[in-house]
Amino acid sequence: EPLTIAIDGPSGSGKSSVARAVAQRLGVGYLDTGAMYRAVTWWCLERGVDLADTAAVAEAARSLPLEQSTDPSSPAVSVGGTDVTEAIRTSEVSTAVSAVATNREVRPVLQALQRDLMARISDATGGVVAEGRDITTVVAPDARVRILLTASEEARLRRRSTELHGSADAAAVEATRDQVLRRDRQDSTVSQFEDAAEGVVLVDTSDLTLEGSIEAVLDVVAG
Ligand code: ADP
Ligand code: CDP
């Protein structure tokens, strides 16, 4: 039976870094579903599609010429042959992505694509680690292992601040706060992380190092 692992959690909980490392150590593929919402957003901004035009954004999602590496040691994303690995992480995209993620016509398109990709990665590598906001609940509720990764607001802000500004001093954390908390709020219609859904194991990384978080997830996988 393939080793399918679903990981959800809010921004800065450590999903991407932990999921990649776990996939690497288990020798299976990796799927970053947030990158797909970001790629649609980038594509719409690039082509001047009005994000408020829900039908046009859904059409963009359906026709998105996406190529995504599922090798956990070299995650790369390109759209129509353009490498957008960096471009999808800009604050412009981060600010706009929730408008795409809350589009009701977009979600089923990307969710179907994600199920298909998970199956294909699984066939190729014997398993998959997929991470996002709705993998444990909607995309792959039947995954072998389902984990909700959480961390306190303070820890999440500190991590994002270090990533974006190279520092977690008070000013840098303040500069990050608005962006992270606004996105949390905007995403709250698609994902709520107050409680883990039934059968989902909660892993709180607030007081763990990155290595500690990776080991905590590997422990859950080992059962
Ligand atoms: P997410 O995908 O949930 O937004 P990321 O993995 O992108 O989270 O970002 C988490 C950041 O926090 C990374 O830079 C990671 O190195 C850092 N980090 C610090 N401590 C931890 C921890 N205990 N668990 C996970 N990540 C941590
Ligand atoms: O890692 P970070 O929190 O910055 O975000 P991400 O995982 O790259 O996801 C970016 C955005 O995509 C989120 O803020 C959600 O709006 C959306 N998303 C989603 O709706 N469903 C998913 N399964 C994954 C991401």
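These lines cover the structure that appears in this document, whether it is placed above or below. Everything numeric in this text was worked out from a predicted model, so none of it was measured.

1. Some thoughts on the overall build of the protein chain
Each helix and strand counted, the protein chain has nine helices and eight strands in total. With respect to the three principal axes, the spread of C-alpha positions in the protein chain is 45 × 45 × 30 Å. Burial statistics for the protein chain: of 223 residues in total, 47% are counted as buried. Sequence-distant contacts, at least 24 apart, represent 75% of the contacts inside the protein chain between residues at least 6 apart. Between the averaged position of the 22 positive side-chain charges in the protein chain and that of its 34 negative side-chain charges there is a distance of 1 Å.

2. As for the layout of surface pockets
Of the voids in this model, the second largest pocket is the one considered here, and its volume is about 320 Å³. For the second largest pocket, the lining is made up of 15 residues, of which Pro10, Arg156, Asp184, Phe193 and Glu194 are closest to its centre. With three residues, the single largest contributor to the lining of the second largest pocket is helix H8 (residues 170–187). Its residues placed into classes, the lining of the second largest pocket shows four nonpolar, five polar and six charged.

3. Overview of the nonpolar core
In this structure, Val40, Val57, Val106 and Met118 are the most contacted members of the largest nonpolar core, which totals 37 residues. For this core, the secondary structure elements donating two or more residues are helix H2 (33–47), helix H3 (54–63), strand E4 (77–79), helix H4 (91–101), helix H5 (106–125), strand E6 (127–132) and helix H6 (135–139). If one sorts the elements of this core by residue count, H2 sits on top with eight residues. If we skip the residues at most four places from it in the chain, Val106 touches Tyr37, Val57, Ala58, Ala61 and Val100.

4. Digging into the packing of H2 against H3
Two elements in contact, H2 and H3, have axes separated by 10 Å at closest approach and are oriented at 115°. Between H2 and H3 lies a crossing of right-handed hand. Between H2, through Val40, Trp43, Cys44 and Arg47, and H3, the contact on the second element is made entirely by Val57, Ala60 and Ala61. Broken down by class, the residue content of the contact of H2 with H3 amounts to six nonpolar, no polar and one charged.

5. Digging into the environment of Thr90
Among the secondary structure elements, Thr90 is positioned in the loop between strand E5 (82–83) and H4. Through-space distance from the C-alpha of Thr90 to that of Trp42 is 9.5 Å; in sequence the pair is 48 residues apart.

6. Comments concerning the site of ligand 1
The full set close to ligand 1 counts 17 residues, and Ser16, Ser17, Arg160, Leu208 and Ser213 are the nearest of them. A distance of 2.8 Å is found between an oxygen atom of ligand 1 and a backbone nitrogen or oxygen belonging to Gly12. Measuring from an oxygen atom of ligand 1, one finds a side-chain N or O atom of Arg160 at 2.5 Å. Bound to the protein, ligand 1 loses 82% of the 570 Å² it would expose on its own. Residue assignment for the shell around ligand 1 shows that the elements contributing at least two residues are helix H1 (15–26), helix H7 (153–165) and helix H9 (210–222). It is H1 that provides the largest number of residues to the shell around ligand 1, a total of four residues.

Definitions and cut-offs
Residues numbered from 1 in each chain as written. Chains lettered and ligands numbered in written order. Predicted model: local features only at pLDDT ≥ 70, side-chain atom pairs only at ≥ 80, totals over all residues. Heavy atoms only, no water. Helix = DSSP H or I, 4+ residues; strand = E, 2+ residues; numbered from the N terminus. Buried < 20%, exposed > 50% of the residue type's maximum accessible area, 1.4 Å probe, protein only. Contact = heavy atoms within 4.5 Å. Lys, Arg positive; Asp, Glu negative; His and termini not counted. Charge placed at Lys NZ, Arg CZ, Asp CG, Glu CD. 1 Å grid on protein atoms, 1.4 Å probe; cavity = no way out; pocket = protein on both sides within 12 Å on 5 of 7 lines; lining within 4 Å. Points joined across faces, edges and corners; volume = space filled by probe spheres on them. Nonpolar A, V, L, I, M, F, W, Y, C, P; charged D, E, K, R; others polar. Core = buried A, V, L, I, M, F, W, Y, C linked by side-chain atoms within 4.5 Å. Axes fitted to C-alpha atoms, helices over the stretch in contact; angles between N-to-C directions. Left-handed = near helix turned anticlockwise from the far one by under 90°. Near = heavy atom within 4 Å. Polar contact = N/O pair within 3.5 Å; in protein donor to acceptor, adjacent residues only side chain to side chain. Areas by Shrake-Rupley, 256 points an atom, 1.4 Å probe, with all protein chains shown as cover.

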